[in-house]
Amino acid sequence: MNYQQILEDIYDEIKPYAHQGKVADYIPALAKVNPDQFGICITTIKGDTYTLGQVDTPFSIQSITKVFSLAYSFSILGDMLWQRVGKEPSGTAFNSLIQLEVENIPRNPFINAGAIVVADTLLSHLKSPEEDYLEFVRTISGNPRIDYNREVAASEKEKGYLNTAIANLLKYHGNLNNDIDDVLRFYFLQCSIEMSCRDLSKAFLPFANHKCAFHFGNVHLTASQVKRINAIMQTCGFYDEAGEFSYLVGLPGKSGVGGGINAVYPGRYSVAVWSPRLNSKGNSVMGIKALELLTTRTRESIF
Ligand code: GLN
């Protein structure tokens, strides 16, 4: 498969979408990002890398972090985690409170409510949560320079009215063991991590390599657990656009409001794409289009 040629053809075809959508501005620090950037990086299990555009520019990974936090928590708690978070698609926005009010436990670990519970589990079990979490992300991506962006985290916390409301509901229902403020601070820090497309595609390679057990630093998962994380990415990775992403792209993946998306083609490759302009569901316009064309051109998807 000539992935490099395919990436170049895709780039030509998505140019008309370059000015559609807008950057996330509910986190003031993210509104400052130049919206007209694009990068895509494929890393194969065999060890080949194909790149196009701004693949070495770090950006705010935001909700993509939820895959790393789920992996970490799942490795500690195993199936006990599912007593506190579900694994059903929500069909609602990533920051919605509606279901939480009537169901008490978040639908899945990729909506904000679920990720806030996962952050709470890590706060309870890790000796040095901030350091341990960052160390895991650095280890899995093989880049020791990856870091939190504390300005972005503080900016989100300052305006984090909805997430604060979610955390209060969770606390009321007995689903947060730590102090609300501590959990939110840690959750926003996790979201503020900056990585490039090259870093991300490498970090997700173990999920593409789903038939192998996962051992990175302190995080150990069986092949079966890796496969199940992929299943949750497939059904819940794009919130109320998960069905559309499945239909158009046909790969498990996870998006973030920084404009990044990482998808995996199990058994073959991991692909990270980044472009900050978002559609109304909070997912990258050019990112989704590029991945749709990638799986169409290569005829490679899980379906
Ligand atoms: N930090 C963001 C939030 O909690 C993450 C949302 C996202 O990337 N979809 O709102």
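If you're wondering where the values come from, they're calculated on a predicted model, not measured in any experiment. (Residues numbered from 1 in each chain as written. Predicted model: local features only at pLDDT ≥ 70, side-chain atom pairs only at ≥ 80, totals over all residues. Heavy atoms only, no water.)

Asker: Hey, could you go over the layout of surface pockets for me, with residue numbers and the actual values?
Answerer: Empty space within the largest pocket amounts to approximately 220 Å³. Lining the largest pocket we find 19 residues, and of these Ala-29, Leu-30, Val-33, Val-152 and Glu-194 sit closest to its centre. At the level of elements, strand E3 (59-60) and helix H6 (150-158) are the ones that each hand at least two residues to the lining of the largest pocket. A class-by-class count of the residues in the lining of the largest pocket yields eleven nonpolar, five polar and three charged. Considered as a void within the structure, the second largest pocket measures approximately 160 Å³ in volume. (1 Å grid on protein atoms, 1.4 Å probe; cavity = no way out; pocket = protein on both sides within 12 Å on 5 of 7 lines; lining within 4 Å. Points joined across faces, edges and corners; volume = space filled by probe spheres on them. Helix = DSSP H or I, 4+ residues; strand = E, 2+ residues; numbered from the N terminus. Nonpolar A, V, L, I, M, F, W, Y, C, P; charged D, E, K, R; others polar.)

Asker: Would you mind going over the site of the ligand in detail, with residue names and values included?
Answerer: Close to the ligand lie Tyr-26, Gln-62, Ser-63, Phe-94, Asn-112, Glu-156, Asn-163, Tyr-187, Cys-191, Tyr-239, Gly-256 and Val-257. Here Tyr-26 contributes a side-chain N or O atom positioned 2.5 Å from an oxygen atom of the ligand. Within the side chain of Gln-62, one N or O atom sits 2.5 Å away from a nitrogen atom of the ligand. If the ligand stood free it would expose 290 Å²; the protein chains cover 100% of that surface. (Near = heavy atom within 4 Å. Polar contact = N/O pair within 3.5 Å; in protein donor to acceptor, adjacent residues only side chain to side chain. Areas by Shrake-Rupley, 256 points an atom, 1.4 Å probe, with all protein chains shown as cover.)

Asker: So, the environment of Ile-61: which residues are in play, and what are the values?
Answerer: Topologically, Ile-61 is positioned in the loop between E3 and helix H2 (65-77). We classify Ile-61 as buried; its relative accessible area is 1%. Separated by 200 residues in sequence, Ile-61 and Ile-261 place their C-alpha atoms 8.6 Å apart. Look past the residues within four positions of Ile-61 in its chain and what remains in contact with it is Phe-68, Cys-191, Ile-193, Met-195, Leu-200 and Gly-256. (Buried < 20%, exposed > 50% of the residue type's maximum accessible area, 1.4 Å probe, protein only. Contact = heavy atoms within 4.5 Å.)

Asker: Can you explain the packing of helix H7 (residues 161-172) against helix H8 (residues 180-192)? Please cite residues and give values.
Answerer: Running from amino to carboxyl end, H7 crosses H8 at an angle of 130°, the nearest separation of the two axes being 10 Å. If you check the angle between H7 and H8, you find them oblique. Handedness of the H7/H8 crossing: right-handed. Listed contacts from H8 to Asn-163, Thr-164, Ala-167, Asn-168 and Lys-171 of H7 are Ile-180, Leu-184, Tyr-187 and Phe-188. Its residues assigned to classes, the contact of H7 with H8 comprises five nonpolar, three polar and one charged. (Axes fitted to C-alpha atoms, helices over the stretch in contact; angles between N-to-C directions. Parallel < 35°, antiparallel > 145°, perpendicular 65-115°, else oblique. Left-handed = near helix turned anticlockwise from the far one by under 90°.)

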